[in-house]
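The primary structure of each chain is shown beneath.
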Amino acid sequence: MAVENQLQNSSKSSPGHEQTATTQHLPNATASPDSTTEKVTLKKEIGLVSACAIIIGNIIGSGIFISPKGVLEHSGSVGLALIIWVIGGGVSALGSLCYAELGVTIPKSGGDYSYVTEIFGGLAGFLLLWSAVLIMYPTSLAVIALTFSNYVLQPVFPECIPPYDATRVLSIVCLLLLTWVNSTSVRWATRIQDIFTAGKLLALGLIIVVGFMQIFKGNYEALKPSNAFNFWMTPTVGQLALAFLQGSFAFSGWNFLNYVTEELVEPRRNLPRAIFISIPLVTFVYTFTNIAYFTAMTPEELMSSNAVAVTFGEKLLGYFSWIMPVSVALSTFGGINGYLFTSSRLCFSGAREGHLPSLLAMIHFKYCTPVPALLVCVSINYILVN
């Protein structure tokens, strides 16, 4: 009897029993059967729809509203400009296919950084990580945030450029709000991305529908083959490269889903599917949006416009022309959310590999979000905006 009681007491105090009991009270923790340590990880909460929204939402930003001017200016004709848009989508599709294979072969979050570290070693990954964290992503995010503020404030200051202080304050408020959302819930962050991506597509869909209505009315002089390839200048190789660079800017962001691979549900299936759906859709939307622009504006009018979509709305939408600035604002807001979501995972991955302070690899126990990494990202952008 004494031996039986002793065995019962020893089983109650065994490490395995303690680990099981503790894990039952920690819903977000996963415990290895051979270890007594507990591990909090990022949740797999990104499905196929949200994955497509991340890709489309990060690609469609301010580029489609700004880049058409540069593409047309350097290409020298309407027809060649449209061909460059299609080629830009094709190049993005080829790159996406490569990243689909990389994401399935190396299923780590962090995108470019994780792949470079795995293939070329720690030094190359370290250099890429620090340049991305300190220069590439913060500057892009700061520009998008300031663009968002400019378009939001445009109806308030219709006759002049919005004051810089007002633009800066609104940019900071936007960054802080989205940082709070991303820190609190991955699900809410992805829902915001879904909603604003749908808003972007609806806005561009409106432009395309209005463009087709113009074509049915016979307003497509600039699109006729005899006029479309009527060059007002002979583009050089350098000018064609600049035109392609302008178009490529509008397609940037096609690789952002690979930065959150570990949070994808069934990444081996959903990562390639999301890429196959998103890139052709964006290429289709971009090409037909540019066709719609040419139904409302001559090439000269388009090249003289600093905000093509706004000019398009003023010419064809009349009283509803306010929809275009609002659409650009919504587009950039979703882009800010996507940049914060993905760049924080880059910091998290770098810290996990030891290339950034280990504090940035910590995850909030309750929300399962990389809060320290998000705070660092928004702090760097706060400095740049100011």
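See above for the structure.
Parameters at a glance
Residues numbered from 1 in each chain as written. Predicted model: local features only at pLDDT ≥ 70, side-chain atom pairs only at ≥ 80, totals over all residues. Heavy atoms only, no water. Helix = DSSP H or I, 4+ residues; strand = E, 2+ residues; numbered from the N terminus. Buried < 20%, exposed > 50% of the residue type's maximum accessible area, 1.4 Å probe, protein only. Polar contact = N/O pair within 3.5 Å; in protein donor to acceptor, adjacent residues only side chain to side chain. Contact = heavy atoms within 4.5 Å. Core = buried A, V, L, I, M, F, W, Y, C linked by side-chain atoms within 4.5 Å. Expected span 1.5 Å × (residues − 1). Phe/Tyr/Trp six-rings, centres within 6.5 Å; stacked < 30°, edge-to-face > 60°. Lys NZ or Arg CZ within 6 Å of the ring centre and 35° of its normal. Patch = residues over 30% accessible without salt bridge, like charges linked within 9 Å, V, L, I, M, F, W, Y side chains within 5 Å. Areas by Shrake-Rupley, 256 points an atom, 1.4 Å probe, with all protein chains shown as cover. Salt bridge = Lys/Arg side-chain N within 4 Å of Asp/Glu carboxyl O.

A. Structural detail: the side chain of Ser-343. If you trace the backbone, Ser-343 turns up in helix α15 (residues 323–352). Judged by its relative accessible area of 6%, Ser-343 is buried. Among the polar contacts listed, one links the side chain of Ser-343 to the backbone oxygen of Tyr-339, at a separation of 2.6 Å. Discounting residues that sit within four places of it in the chain, Ser-343 has contacts with Tyr-137 and Cys-377.

B. Broad picture of the nonpolar core. Core analysis: the largest hydrophobic core is formed by 91 residues, its most contacted members being Leu-257, Tyr-286, Tyr-293, Phe-294, Phe-312, Ile-336 and Leu-346. When residues of this core are assigned to their parent elements, the largest contribution, 12 residues, is made by helix α12 (residues 267–296). Look past the residues within four positions of Leu-257 in its chain and what remains in contact with it is Ala-51, Ile-54, Ile-55, Leu-264, Leu-271 and Ala-274.

C. Main features of helix α3 (residues 48–59). If you check α3, its first and last C-alpha atoms are 17 Å apart, about what 12 residues at 1.5 Å a residue would give, namely 16 Å. Most of α3 is tucked away, with 10 of its 12 residues classed as buried. Among the residues of α3, Ser-50, Ala-51, Cys-52, Ala-53, Ile-54, Ile-55, Ile-56, Gly-57, Asn-58 and Ile-59 are the ones counted as buried. The inward-facing, buried residues of α3 abut α9 (186–216), α11 (237–251), α12 and α15.

D. Expanded view of the packing of aromatic side chains. Enumeration over the complete set of coordinates arrives at 17 aromatic pairs. A centroid spacing of 5.2 Å and a plane angle of 85° characterise the contact between Tyr-99 and Trp-254, whose relative ring orientation is edge-to-face. With Tyr-99 in helix α5 (residues 78–105) and Trp-254 in the loop between α11 and α12, this pair connects stretches of sequence that are 155 residues apart. The ring of Phe-341 carries Arg-345 above its face, with NZ or CZ at 4.0 Å from the centroid.

E. Spotlight on a nonpolar patch on the surface. Among the surface-exposed residues, Leu-123, Phe-126, Leu-127, Trp-130, Leu-134, Ile-135 and Met-136 lie close enough to one another that they form a single nonpolar patch of about 680 Å² accessible area. Relative to the helices and strands, Leu-123 is located in helix α7 (residues 122–153). The exposure class assigned to Leu-123 is exposed, which follows from its relative accessible area of 63%.

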